[in-house]
Amino acid sequence: MDRFVWTSGLLEISETLVIQQRGVRIYDGEEKIKFDPGTLLLSTHRLIWRDQKNHECCMAIPLSQIVFIEEQAAGIGKSAKIVVHLHPAASNKEPGPFQSSKNSYIKLSFKEHGQIEFYRRLSEEMTQRRWENMPVPQSLQTNRGPQPGRIRAVGIVGIERKLEEKRKETDKNISEAFEDLSKLMVKAKEMVELSKCIANKIKEKQGDITEDETIRFKSYLLSMGIANPVTRETYGSGTQYHMQLAKQLAGILQAPLEERGGIMSLTEVYCLVNRARGMELLSPEDLVNACKMLEALKLPLRLRVFDSGVMVIELQSHKEEEMVASALETVSEKGSLTSEEFAKLVGMSVLLAKERLLLAEKMGHLCRDDSVEGLRFYPNLFMTQS
Amino acid sequence: MAMSFEWPWQYRFPPFFTLQPNVDTRQKQLAAWCSLVLSFCRLHKQSSMTVMEAQESPLFNNVKLQRKLPVESIQVVLEELRKKGNLEWLDKNKSSFLIMWRRPEEWGKLIYQWVSKSGQNNSVFTLYELTNGEDTEDEGNAFPSPPNFKKNFLAMPQGL
C-alpha cells in the first residue's frame, strides 16, 4: 500500500482514460484501508483512486509497479475483488498515503460491481504496456497532497467546477463593462442638458451659442466617436483617407461589378470589401464617404442613390436606363411580373430587380397593380393604348 | 331601356384599380375613370350615390377580376369629377354626391337649342312639359329628373 502516491488526478498529455468504476474500496493486503469506497480510474499509465466524498483526496499508482493481477470471485457478503501484486516501491517515490506497508499486494473490492470489465481492461493495459511508449514526466504525475483552491479537472465535478469559475469570471467582466456604461450615462445626461439648452437658444433666437458651448458640444461628440459633426467638411472636400480608399475600391470592385452585370448594392460591396480585407475592416461610414468621391475623382465607378434610398455602385459604362428597355421587353413577354419573378428570370438580386422595375415605372414604361396578391408590374397600356 | 353596358378595356386591366404613382400615367388613368363613372351613371340613370354604395357597386368593384378600387382612390376620382364640374357633394361629410353626366352649362345650351329649334321662344313652359313631353324624348336620353333640372335652367344662356 506504500506504492501509492498523492496525485491531482489530472491526466497527463499522453495519458488517456481507459475505464473508471465507482464504489471501489482498497485493501492493504487483507485489511481495509481507512478510506471509504471511492472511484477507481484506469488510465494508460496509472491506476488512480479518488475518494467519492472528498474529491481532493486522490492517489495513484503507476501501472509499471504492477507485477500481475488476479481475480477473486464474490462470495456471500463479499464483493468481487481484483488482487494486484506489486513491485517494491522505488526509493525516490513521491509522498503517498502510506509510508510503509508489510504487504506487497493490494486488493480492489468492487462494491458496485464492474469488476469483470475492469479486470479485462487492466489486463489489456498490462499486456500492451502503453506507458512505455508514451512516457510522462515523473514529477508531473504527483502532487503534494490535496491542495485547496486548485480546480480538479477530472470527471463531471471537474467540469462543473470549471463552469462555475468561468461564470464568476464572466460576471466580473460584465460588471466592469457596465461601469463604463454608467459613466457614459452620466455624460449622456450632461450632453442632453447641453443640447436642450442649445435647442432652446436656437428656438428663441437668443443670440449666438457661445463658443464655449460649441466647444463642449464638439468634444462630447468626439468622445462618442463622431469625428466631425460639420458634414460639409466631410462630404465636400473629403479627407485624404477617403480619397485613397476610393481609388482602392475602384481597383477591387472592377471585376466583381463586371461579373454582376455592372451594378451592385452597397451592402454587397461592403461585405465583399471587408471579406477581402480580413483585418482592418471598413466602417459603413467610411465606405459611403469614399464612394461619394468616386465620381469626383473620375474613377470608372460611381455611387447612385435611387428614390427609395437604396444605394448602389455602378460601372460608369453601365446605363441603367438602357436596362429599363430590356426590362420592359421581359415584362411584356410575360404579361406581368413581380420583382421576385423578374429577379429570377434575369438572374439579379431581388433588391436591384425591384429598383429596375421602379425606374421603368418612373420613366412611364410600366404601371403597377398593387393588391392583396402582391405588387405586379404591367406594361403601361394607359400610355400606349388609347 | 337598359342597354347592356360595355365596359372599357381598362376595366379588365388590373393596374386600373391601383392609383398610379407616375403622374402622367395617373392623369390618363383618372381620365378613364371619370368617363367610366359618367357613362355608367348615365346608362343606369343614376344621378346620385353614396360613397358606400359606390364602393360595392360593380363600377368600382370588378368581382371577376378580383380587384376593387380602394376607397381613398375612389375619393380621388370623385374629386376629379368635382373639379370638372360633373359632381356635387350633397352633404358636408362627403358621404353622398350628385352625378351630372352632362354639366349644367351643357344642359342649358341643349335646352336653349331645343327651344329655339321648335320655335317656341317667348312661350312659357312648365317643368313637367319639358321633362316629360313627347318632343323631348329623342333629345339625348331625356332631360334629367327635377332636382337637377332647376340647375340647368339657371345655367341657361341669358337669351331666354
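All values derive from a computational prediction rather than experimental measurement.

## Some details on the overall build of chain B
Helix and strand counts for chain B stand at 6 helices and 5 strands. For chain B, the sequential pattern of α-helices and β-strands runs α-β-α-β-β-α-β-β-α-α-α. Buried positions account for 39% of the 160 residues belonging to chain B. Of all intrachain contacts in chain B linking residues separated by at least 6 positions in sequence, the fraction that spans at least 24 positions is 55%. As displayed, chain B has an accessible area near 9,400 Å², and 52% of this comes from carbon and sulfur atoms.

## Some thoughts on the sheet that holds strand 5 (residues 96-99) of chain B
Residues and elements named next belong to chain B. Overall, antiparallel pairing links the 3 strands, which are arranged 1-5-4 in an open sheet. This sheet does not close on itself; its edge strands, each paired only once, are strand 1 (48-50) and strand 4 (87-89). The mean angle between the axes of side-by-side strands here comes to 25°, regardless of whether they run parallel or antiparallel. Helix 3 (residues 71-84) contacts strand 4 and strand 5 of the sheet and is inclined by roughly 110° relative to strand 4.

## Let's talk about the nonpolar core
Residues and elements named next belong to chain B. Ranked by size, the top nonpolar core spans 32 residues in total, and within it Trp33, Val37, Phe60, Leu78, Leu81, Phe97 and Ile99 carry the most contacts. Looking at this core, the elements with two or more residues in it are helix 1 (23-43), helix 2 (51-56), helix 3, strand 4 and strand 5. Apart from the residues within four sequence positions on either side, Phe97 is in contact with Ser47, Ser48, Met49, Thr50, Val51, Leu78, Leu87, Glu88, Trp89 and Leu90.

## Looking at the confidence of the model for chain A
Put simply, chain A has an average pLDDT of 81, and 85% of its residues get 70 or more. Low pLDDT, under 50, characterises residues 138-148 of chain A; the predicted model gives this stretch 24 contacts beyond four residues in sequence or across chains.

## Focus: unusual backbone geometry
Positive phi outside glycine occurs at His113 of chain A, with the angle close to 60°. What makes His113 of chain A exposed here is its relative accessible area of 62%. You will see that Lys94 of chain B, though not glycine, has its phi angle at about 55°, which is positive. Its place among the elements puts Lys94 of chain B in the loop between strand 4 and strand 5. Residue Lys94 of chain B is classed as partly exposed on the basis of its relative accessible area, which comes to 39%.

## Structural notes on the packing of helix 7 (residues 240-259) of chain A against helix 9 (residues 284-292) of chain A
All names here are of chain A. Two numbers describe how helix 7 lies on helix 9: the axes approach to 8 Å, and their chain directions differ by 80°. In this view, helix 7 runs roughly perpendicular relative to helix 9, as classed from their interaxial angle. When helix 7 is examined against helix 9, the residues Tyr241, His242, Leu245, Ala246 and Leu249 are found in contact with a partner set consisting of Asp286, Leu287, Asn289, Ala290 and Cys291. Across the contact of helix 7 with helix 9, the residue classes break down as 7 nonpolar, 2 polar and 1 charged.

## Examining the pattern of salt bridges
Residue and element names in this part refer to chain A. Applying the stated criterion to the full structure yields 25 salt bridges over all chains. When the shortest N-O distance is used, the salt bridge between Asp2 and Arg3 registers 2.6 Å. Since its relative accessible area comes to 6%, Arg3 is described here as buried. Notably, a salt bridge pairs Glu117 with Arg121, separated by 3.3 Å at the nearest N-O pair. In this pair, Glu117 and Arg121 are both assigned in helix 1 (residues 115-128), 4 residues apart and thus about one turn of the helix distant. We classify Glu117 as partly exposed; its relative accessible area is 33%. Salt bridges linked by common partners bring Glu117, Arg120, Arg121 and Glu124 together as one network.

## Side note on helix 7 of chain A
The periodicity of an α-helix, 3.6 residues per turn, causes residues three or four places apart in sequence to face the same way. Residue and element names in this part refer to chain A. For helix 7, which comprises 20 residues, the first-to-last C-alpha distance of 30 Å matches the rise-based estimate of 28 Å (1.5 Å per residue) to within 8%. At Leu253, helix 7 is deflected by roughly 45°, the largest bend along its length, and proline Pro256 occurs up to four residues later in sequence. Every buried residue of helix 7 is accounted for by His242, Leu245, Ala246, Leu249, Ala250, Leu253, Pro256 and Leu257. Summarising the contacts, the buried residues of helix 7 are in contact with strand 10 (263-265), helix 8 (266-277), helix 9, strand 11 (301-305) and strand 12 (311-315). Looking one or two residues past helix 7, Gly261 carries a phi angle of roughly 75°, positive in sign.

## Re the packing of helix 8 of chain A against helix 9 of chain A
All names here are of chain A. Across the interface, helix 8 lies against helix 9 with an axial gap of 11 Å and an inter-helix angle of 115°. Relative to helix 9, the element helix 8 is oriented roughly perpendicular. Regarding helix 8 and helix 9, the two cross each other, and that crossing is right-handed. For the pair helix 8 and helix 9, contact is made by Leu266, Val269 and Tyr270 and by Pro284, Leu287, Val288 and Cys291, respectively.

## So, a negative patch on the surface
On the surface, Glu165, Glu169, Glu176 and Glu179 of chain A cluster together into a negatively charged patch. Tracing the chain through its elements places Glu169 of chain A in helix 4 (residues 155-204).

## Describing the interface of chain A and chain B
Across the boundary between the two partners, chain A contributes 18 residues, which contact 16 residues of chain B. Here chain A meets chain B over a buried area of about 1,500 Å², counting both sides, of which 63% is carbon and sulfur. Three residues stand out in chain A for area buried against chain B, namely Arg368, Phe382 and Met383 of chain A, and they jointly supply 42% of the buried area on that side. Along the contact surface separating chain A from chain B lie 2 salt bridges. Ionic pairing is found between Arg67 of chain B and Asp369 of chain A, a salt bridge with its closest N-O pair at 2.7 Å. Counting every contact that joins chain A to chain B gives 7 residue pairs in polar contact (both at pLDDT 80 or more). The dominant element in the side of chain A that touches chain B, judged by the number of residues it contributes, is strand 14 (residues 366-371) of chain A, at 5 residues. Of the residues assigned to the side of chain A that touches chain B, the class counts are 7 nonpolar, 5 polar and 6 charged.

Thresholds applied
- Residues numbered from 1 in each chain as written.
- Chains lettered and ligands numbered in written order.
- Predicted model: local features only at pLDDT ≥ 70, side-chain atom pairs only at ≥ 80, totals over all residues.
- Heavy atoms only, no water.
- Helix = DSSP H or I, 4+ residues; strand = E, 2+ residues; numbered from the N terminus.
- Buried < 20%, exposed > 50% of the residue type's maximum accessible area, 1.4 Å probe, protein only.
- Contact = heavy atoms within 4.5 Å.
- Areas by Shrake-Rupley, 256 points an atom, 1.4 Å probe, with all protein chains shown as cover.
- Pairing = 2+ DSSP bridges.
- Axes fitted to C-alpha atoms, helices over the stretch in contact; angles between N-to-C directions.
- Core = buried A, V, L, I, M, F, W, Y, C linked by side-chain atoms within 4.5 Å.
- pLDDT = per-residue confidence, 0-100.
- Parallel < 35°, antiparallel > 145°, perpendicular 65-115°, else oblique.
- Nonpolar A, V, L, I, M, F, W, Y, C, P; charged D, E, K, R; others polar.
- Salt bridge = Lys/Arg side-chain N within 4 Å of Asp/Glu carboxyl O.
- Expected span 1.5 Å × (residues − 1).
- Bend = angle between axes of the 7 residues up to and from the residue.
- Left-handed = near helix turned anticlockwise from the far one by under 90°.
- Patch = residues over 30% accessible without salt bridge, like charges linked within 9 Å, V, L, I, M, F, W, Y side chains within 5 Å.
- Lys, Arg positive; Asp, Glu negative; His and termini not counted.
- Charge placed at Lys NZ, Arg CZ, Asp CG, Glu CD.
- Buried area = accessible area lost by both parts, 1.4 Å probe.
- Polar contact = N/O pair within 3.5 Å; in protein donor to acceptor, adjacent residues only side chain to side chain.

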